[in-house]
Structures are given as C-alpha cells and as structure tokens.
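Each chain, written out:
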Amino acid sequence: MKKIIAVLLCSGCAFGWAQTAEELLNDGKNTENVTTFGMGYDLKMHSPLKQINKSNIRRLVPVWSFSLANDMGEHSQPTIYNGVMYVVNGNWTFAIDVATGRQIWRTPVQYERGALRVATSGALMRGPATIYEGKLFRQTVDAHVLALDMKTGKEIWKQKYADWKEGYKGVIAPLIANGVLISGMGGGDSTTRGFVDGYDPQTGKQLWRRYTIPAPGEPGSETWPNQAKPDAWKYGGGATWQYASYDPQLDLVYIGTGNAEPYNPTLRDGADCLYTASTLALRPKTGEMVWYYQSVPNDSFDFDATAESLLAELRVDGQVRKVLINAHKNGFLYVLDRTNGKPIAANPYVKVNWATHIDLKTGRPVLTDLLERAMKGETVNVFPSRGTNATLIAFNPKTGLVYLNSWNFPRLMKYVDFKFALGAGSTGIESTMTTPKGEPAGYHMAIEPLTGKVAWQVPMMEFASSAGMLATDGGLLFTGLLTGEVIALDQDSGKTLWQFKTGSSVNAPPITYTHKGRQYVTVLSGRGGSIANRVVTDSVPTGGSVWTFALMPE
C-alpha cells in the first residue's frame with residue numbers, strides 16, 4: 001500500500017529521479033526546482049520570481065504544513081526536484097509531495113545516542129538535502145556521511161569520517177562540486193582538528209582529505225607553537241561546520257573555517273594558527289588549496305570565518321570583478337577577490353570594539369587594546385559576540401545591496417585555566433552574552449557591500465533573528481523570527497508588509513519556487529541551536545514543521 005501511495009503522489013512528476021550535474025549548475029533557471037542551498041551555487045539567496053510582490057503580499061496564505069516529528073531544531077533549507085520536496089533534520093529524512101504536503105517516504109537517522117553528549121545543541125542539520133544522480137546525501141550527528149535512494153529513502157552507502165567521542169559531530173550538509181561530494185565537520189569548541197573531505201558520490205569512497213590545521217613541516221605549520229606546545233596542532237580547531245559555495249568557471253569551492261582551540265591565546269602562544277578563522281579556496285577534484293585568507297589571525301574571541309561565502313560580480317574602480325562577500329561573525333562585511341583571496345573591502349556592519357579596522361594591504365585586523373587586557377586577566381566586553389548567528393545573507397544584483405539579520409550581542413569574557421580532556425570542551429573561557437539595556441537585539445539591514453554604507457536598518461527589540469534572508473524580484477525580503485513569525489519585508493525600506501505565526505522559532509532560510517506555474521514560499525519552523533535556545537528559552541515551544549505559502553486567488 002505504501003508503494004501504491006508513493007506512485008500516486010508522484011504520478012506526473014516521477015520522471016527523472018536521477019538529478020544531474022547540469023541541473024545543479026543551472027539552479028534558478030528552472031524555477032520549478034531548487035536543487036542547491038542558497039538558491040544557487042553562488043548562495044545569493046535571490047530569486048527572479050515576482051508573482052508574489054509588494055502589491056499582493058497581503059493575499060499570501062498557508063496552503064499546507066507538515067510535521068517533522070522533531071524537537072531538536074530545524075535549520076535546513078528544503079530541496080525541490082520534479083514535484084518532490086526533500087527535507088533533512090537531525091533525526092529524519094523526508095520526501096514530501098510539493099502539491100499536497102503529503103509524505104512520500106521518511107527514513108529515520110540511525111546514530112549513536114551518546115553523540116548527543118558532544119553535540120550539546122542536539123542533533124541538528126544545516127544546509128539542504130543534497131541531491132545528485134538519484135541519491136540524497138546527508139550527515140549524521142555521530143560523524144557519518146551517507147547516501148539514500150531519492151525514490152525510496154533506502155540507504156545506499158554510509159561512511160564514518162571521525163570519532164564522535166573525540167569531539168567531532170555531523171551537522172552540515174555536503175556539497176556536490178564537479179562530480180565530487182564535499183563534506184565538512186563540526187566540533188569547533190572541542191578537541192578536534194578541522195578538515196574537509198571529498199568522496200565519490202556513487203560509492204562513498206573517500207577521495208581526499210584537506211586538514212585545516214597543518215601538521216609539523218606542512219605549509220602553515222610555522223604559525224603554530226610546535227616546539228613549545230607540540231600537541232597544539234592536533235586539537236587546534238578550524239572546524240568546517242557551515243556550507244560551502246562553488247564557482248564552476250574557476251572550479252573553486254569556498255569554505256570557511258572555525259575558531260582556534262582553545263580560545264585562550266596563551267595556550268597557543270598567541271600564534272596566528274593557520275588555517276583557523278580563514279576562507280579556503282579548494283579544488284573539488286583533489287582538495288588542493290589554491291588560496292586562503294585568514295580574517296582573524298590568532299582568533300581569541302571565537303570569531304570563526306565559517307559564515308557562508310556569497311559569490312557575485314561587482315564593479316570595482318570601473319572594472320567588473322569576481323568577488324566573494326562574507327558577513328563575518330567578527331562584525332566586518334568582507335569583499336574578497338575570489339580568484340586570489342585578496343581583500344577589496346572590509347567594513348563594520350555592527351558595533352566593533354576588538355579592532356579599529358581591517359588593513360587592506362596586509363589583510364589583517366588592526367587590534368585595539370581589548371585582547372591585551374583580556375590576556376592580563378581582565379574580564380572584557382567584546383563587541384560583537386557574533387555579527388550574525390550562522391545565517392545566510394542575500395544579495396540582489398539589481399539593487400546591488402546585501403541584506404542580512406544582524407545581532408547586537410556583546411560577549412562578557414574572561415580567560416581561565418584549561419585542562420585538556422579528549423572529546424571535551426576546549427574553550428578556555430568563561431562568558432555570558434546579553435543585549436545592552438534599552439538597545440535593539442539586532443537589525444534587519446540593507447548594506448552597500450563595497451562602502452559599508454547602510455541603506456536602511458530596522459531594529460528588532462525583543463529578539464534578534466537566526467533566519468536567513470531571501471530577496472525576490474517582487475521587491476520582497478522573506479525571513480523569520482525566533483518568536484515564530486515568517487515575515488516579508490519591503491526590499492526598499494525594511495518595513496514589514498506581511499507576517500504569519502508558525503508554531504515555533506524560525507531559524508531556517510526560506511525558499512521560493514513555482515509548481516505548475518504558481519509561485520510558492522516554503523520555510524521550516526522549529527526552535528533549536530544553543531544560542532537560540534539560550535535567548536528565547538521556553539518562551540517559545542519546540543517542534544519542527546514545514547510551512548508552504550501561496551497567494552489566495554482573487
């Protein structure tokens with residue numbers, strides 16, 4: 001009976017389960033499918049669709065919702081192919097009929113429950129359900145990567161890539177680039193050594209591994225205290241826990257790396273510690289590092305550089321340049337030349353007190369006395385604790401603006417003694433985060449990427465947003481709130497034009513697409529993640545669901 005139902009649900013859309021590389025490259029051209037994260041390999045989070053626009057947004061209504069049977073949080077973006085929506089979270093993988101919201105199949109995620117002791121935020125999944133040639137790829141919280149059959153949900157292969165007992169965790173979706181499955185890892189606050197893996201998507205065979213922390217004698221190892229602290233590099237951090245972007249013309253994958261471990265710089269002799277807090281450009285076939293840019297040498301404040309890198313073309317001094325735009329957790333909005341990693345611009349988009357500016361000649365931040373005071377034992381208030389909370393930004397080539405949700409949270413921090421324990425936390429700090437009294441928790445913002453000029457900003461007084469931004473040619477920005485609303489903003493002013501209350505927090509990036517010519521908007525709802533849980537606590541219930549919206553007929 002289940003097989004009969006699946007056939008009926010997919011009748012008329014069951015042709016071509018084997019999704020192709022060409023369809024990945026052309027994501028966005030066929031608006032019936034959403035085959036990659038960020039609405040395209042460039043992660044622009046922009047759609048040319050405009051059936052839903054500022055003049056009719058008030059007629060946007062829910063057409064179906066679907067329970068995801070999960071209370072650990074929803075952070076992923078749905079994938080759509082041939083009338084089927086694929087959704088992943090930490091505990092399940094789903095295939096859902098786009099037209100009706102009915103389940104086609106669901107597959108439980110098999111993982112060792114002990115891994116939840118390492119993954120203190122629970123079993124989460126960032127990014128999309130990754131699809132390619134009839135397979136769906138994902139990670140599991142106990143550090144495995146696996147492939148499922150897109151048609152049935154049955155497991156095809158599964159590979160262990162690390163030991164969760166050593167602090168590793170699987171939280172991020174893989175990426176297909178030039179026929180290779182690229183997969184990162186989580187564990188940035190534990191005793192881990194970061195890496196990126198390349199796999200054969202057909203067999204699961206590991207093709208290469210690129211460590212983000214060089215071993216002694218390898219390029220970059222001179223930036224680690226290998227003689228004074230010979231084991232520092234083995235557990236040095238550099239996790240690759242957010243999604244990558246890909247430029248098929250340059251054949252480069254861009255992925256960010258996390259903080260150095262421990263945060264306390266005295267335990268690393270205050271060294272630069274490559275390739276932590278860096279953006280890496282890798283060849284997908286081999287893992288070769290073509291260039292790197294370290295935005296925070298000697299990362300001592302948990303700034304990372306893992307925020308997804310948006311790819312665009314900007315006119316710089318009269319010349320069109322291939323650029324990479326990154327809204328860094330450290331509070332600066334970076335524009336890099338993505339052919340070589342050289343910084344073009346870096347402007348603060350939130351309050352910053354740890355550095356005065358970024359020296360574009362050296363690429364290094366010019367520090368204030370904050371780090372020096374902290375190393376002397378002082379408790380310091382670091383602005384920001386995070387410029388954004390691991391969320392996708394959007395870029396509309398027609399306006400030339402970057403749209404994002406910023407946070408106004410400083411970190412009150414003190415360095416403390418750290419005792420090494422394999423698999424345990426390795427931060428070496430005590431800290432708290434609170435919004436300054438009377439100030440907004442964050443802002444919806446529109447920014448000119450080269451100048452840093454704020455076109456507009458709208459304060460969020462109660463809670464900042466952990467949801468991604470989506471820009472459309474209907475003049476709208478779709479995003480979500482921790483209190484559970486999906487909202488549509490006016491792209492010209494940031495004014496809220498529409499909202500709908502879901503049952504839990506919206507932490508995920510929305511998508512838009514068409515089905516049989518009608519435009520839809522879909523987003524996941526479900527409170528989860530350590531920061532969001534800490535901010536809203538139990539004032540918002542848990543519980544994952546998919547919400548799909550369309551215009552009510554006139």
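Not measured: the values here are computed from a predicted model.

Quick notes on the rules
Residues numbered from 1 in each chain as written. Predicted model: local features only at pLDDT ≥ 70, side-chain atom pairs only at ≥ 80, totals over all residues. Heavy atoms only, no water. Pairing = 2+ DSSP bridges. Helix = DSSP H or I, 4+ residues; strand = E, 2+ residues; numbered from the N terminus. Salt bridge = Lys/Arg side-chain N within 4 Å of Asp/Glu carboxyl O. Buried < 20%, exposed > 50% of the residue type's maximum accessible area, 1.4 Å probe, protein only. Axes fitted to C-alpha atoms, helices over the stretch in contact; angles between N-to-C directions.

Asker: Hey, could you go over the sheet that holds strand 37 (residues 496-501) for me, with residue numbers and the actual values?
Answerer: Strand-to-strand pairing in sheets goes through backbone hydrogen bonds, with the strands running parallel or antiparallel. Pairing is mixed across the open sheet formed by five strands, whose spatial order is 1-34-35-36-37. On the outer flanks of this sheet lie strand 1 (46-47) and strand 37, each paired with one strand and no other. Where strand 36 (residues 485-490) lies against strand 37, five bridges are found, and the strand directions are antiparallel. Looking at strand 37, one finds that I487 is bridged to Q499.

Asker: With reference to specific residues and values, describe the pattern of salt bridges.
Answerer: A full pass over the atoms with the stated rule returns 17 salt bridges. Residues K54 and D492 are paired through a salt bridge, measuring 2.7 Å at the closest nitrogen-oxygen approach. With K54 in the loop between strand 1 and strand 2 (60-67) and D492 in the loop between strand 36 and strand 37, this pair connects stretches of sequence that are 438 residues apart. Of the charged contacts, one joins R338 and E313 as a salt bridge, the two residues approaching to 2.6 Å between their closest N and O atoms. Of this pair, R338 sits in the loop between strand 23 (332-337) and strand 24 (343-348) while E313 sits in strand 21 (residues 310-316); the two residues are 25 residues apart in sequence, bridging distant segments of the chain. Residue R338 is classed as buried on the basis of its relative accessible area, which comes to 4%.

Asker: Describe the sheet that holds strand 5 (residues 84-88), and please don't skip the residues or the numbers.
Answerer: The four strands are arranged 4-5-6-7 in an open sheet whose pairing can be described as antiparallel. Only two strands of the sheet have a single partner each, and these edge strands are strand 4 (79-81) and strand 7 (103-108). Taking the axes of each pair of neighbouring strands and ignoring which way they run, one obtains an average angle of 15° across the sheet. Sheet topology note: the strand 5/strand 6 (residues 92-97) ladder contains five bridges and is antiparallel. From the neighbouring strand, V88 faces strand 6, where its bridge partner is T93.

Asker: Can you tell me about unusual backbone geometry, naming the residues and giving the values?
Answerer: The omega torsion across E261 and P262 is -15°, close enough to zero to call that bond cis. Assignment of secondary structure puts P262 in the loop between strand 18 (252-256) and strand 19 (278-282). Along the chain, F383 connects to P384 via a cis peptide bond; the corresponding omega equals -10°. Even without being glycine, M45 reaches a positive phi, approximately 50°. Given a relative accessible area of 0%, M45 falls into the buried group. Even without being a glycine, A277 presents a positive backbone phi close to 45°. Looking at the secondary structure, you find A277 in the loop between strand 18 and strand 19.

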